[in-house]
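A look at the structure
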Amino acid sequence: QVQLVESGGGLVQPGGSLRLSCAASGIIFRVYHMGWYRQAPGQQRELVARIAAEGTTDYPDSVKGRFTISRDNSRNTVSLLMNTLKPEDTAVYYCNAWLTSELDFWGQGTQVSVSS
């Protein structure tokens, strides 16, 4: 029933940009906190951006100033604009919707590869 579907991943040169999108269904989107996480092989999943239900955003230092998260509650979507991409940004990026520990949902992931 709950579905989060990411799109927009791909291969990009260092310094380039990508915009990821996540379409959510099966949840009351406006009340959920949304986030983007990434995971490289052999690494733990890490937060790259989150936007609370009320609209406040949070970024780790590794992406602050380069990535921007946004949400459109009328379309049940959350997006991640990634600028000035670096090779270390290479990972599978996952969309997350969280309300409680029981209501915590993930998308299937989309690959972002930054390489020359």
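Residues numbered from 1 in each chain as written. Predicted model: local features only at pLDDT ≥ 70, side-chain atom pairs only at ≥ 80, totals over all residues. Heavy atoms only, no water.

**Description of unusual backbone geometry**
The residue N76 is not glycine, and still its phi comes out positive at about 55°. Topologically, N76 is positioned in the loop between β7 (67–72) and β8 (77–82). We classify N76 as partly exposed; its relative accessible area is 26%. Even without being glycine, T84 reaches a positive phi, approximately 50°. Mapped onto the elements, T84 comes out in the loop between β8 and β9 (91–98). (Helix = DSSP H or I, 4+ residues; strand = E, 2+ residues; numbered from the N terminus. Buried < 20%, exposed > 50% of the residue type's maximum accessible area, 1.4 Å probe, protein only.)

**Thoughts on the state of the cysteines**
What makes a disulfide is a covalent bond joining the sulfur atoms belonging to two cysteines. Here the structure, examined in full by the defined rule, presents one disulfide. In this model, C22 is linked to C95 through a disulfide, with the two sulfur atoms separated by 2.1 Å. For the disulfide bridge between C22 and C95, the dihedral angle about the S-S bond is near -80°, and by the sign convention the bridge is left-handed. Pair noted here: C22 is in strand β3 (residues 18–25) and C95 is in strand β9, with a separation of 73 residues, a long-range link. Just as C22 is buried, C95 falls in that class too. (Disulfide = S-S within 2.5 Å.)

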